[in-house]
Every structure is written in C-alpha cells, then in structure tokens.
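Summary of the model geometry
So the chains spell out like this:
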Amino acid sequence: MGKVINALNCKCPNCKEGKIFRDGGNIILLHIPEMNHRCPVCSYKFERETGFFFGAMFVSYALAAAEMITSLVVFWYFIDFSPLSVFAIIVVIAFLLSTINFKLSRSFWIYLFYKNKV
Ligand SMILES: [Zn+2]
C-alpha cells in the first residue's frame, strides 16, 4: 500500500523522498509538468532507457478512459444531463485532468519497472 501512495505522490521509488517532477505544471497555462532526470536525493535515474516513457502512454489512456466512463455514469445516469451536456462536461474534465494523468502515468510506469537493488 505504501508503494501506491508513493506513486500517487510522485515520489522516487528508490528513496521515497525525492520528487519525480520539478513542478506540477498548469493546464490553464498549457504548461506540461517538468520531470527530473535523476532523483534530487539519491540520484536514481527515472528514464531507464530512451523511449522508456512510451509505455506510460497506455497507463495514461487507461486513466483517461476510467475518468471519462466515471463522468459518463455520474452525469448521465445519476444526474440525468442531456447527452450534449455530458459530452461537454467529459471534454472539460479530460482537459483539466490531463496534467494529473501525465504525472500519474509516468509515476506508475516508473514504479511498475522499479527493481529494488538489495
Ligand atoms: Zn531517490
């Protein structure tokens, strides 16, 4: 459970203290979060090889799909908005959560392939 919390907080999988991202980004200003290449505390290299984060795209897709399906169920079935309103709400939610998805998908991807060096 601790690993999940550390991944959600975007902490280094090696020392659990260093931050994976330098800044959180700002979707309103269209600013993508910037990553540290290495952990500022223990120098663990986050990008294991060139193109390592390509696979994080699939995690991001899964997160976005889960958020969209949840929004659909909540706003269509429970609140009973019109289909066009639901579509607009889903587009806005997907846009606003895109930086969070970016950070979480990379963090999950790093944790997925982290092997403890004992
Ligand atoms: Zn570290």
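Calculation criteria
- Residues numbered from 1 in each chain as written.
- Predicted model: local features only at pLDDT ≥ 70, side-chain atom pairs only at ≥ 80, totals over all residues.
- Heavy atoms only, no water.
- Helix = DSSP H or I, 4+ residues; strand = E, 2+ residues; numbered from the N terminus.
- Buried < 20%, exposed > 50% of the residue type's maximum accessible area, 1.4 Å probe, protein only.
- Contact = heavy atoms within 4.5 Å.
- UniProt positions renumbered as here; feature names shortened; annotations may be inferred.

Each helix and strand counted, the protein has 4 helices and 0 strands in total. When its helices and strands are written in sequence order, the protein yields α-α-α-α. Each principal axis of the C-alpha atoms in the protein carries an extent, and together these give about 55 × 30 × 25 Å. Per-residue burial over the protein gives 27% buried out of 118 residues. Considering only intrachain contacts with a sequence separation of at least 6, the fraction spanning at least 24 residues in the protein is 57%.

Here we take up the UniProt feature "transmembrane region" (unreviewed entry) in the protein. According to UniProt, the positions carrying the feature "transmembrane region" (unreviewed entry) are residues 52–78 and 84–102. Helix and strand shares over residues 52–78 are 85% and 0% respectively, and the end C-alpha atoms of the span are 40 Å apart. The distance separating the terminal C-alpha atoms of residues 84–102 is 27 Å; by composition the span is 95% helix and 0% strand.

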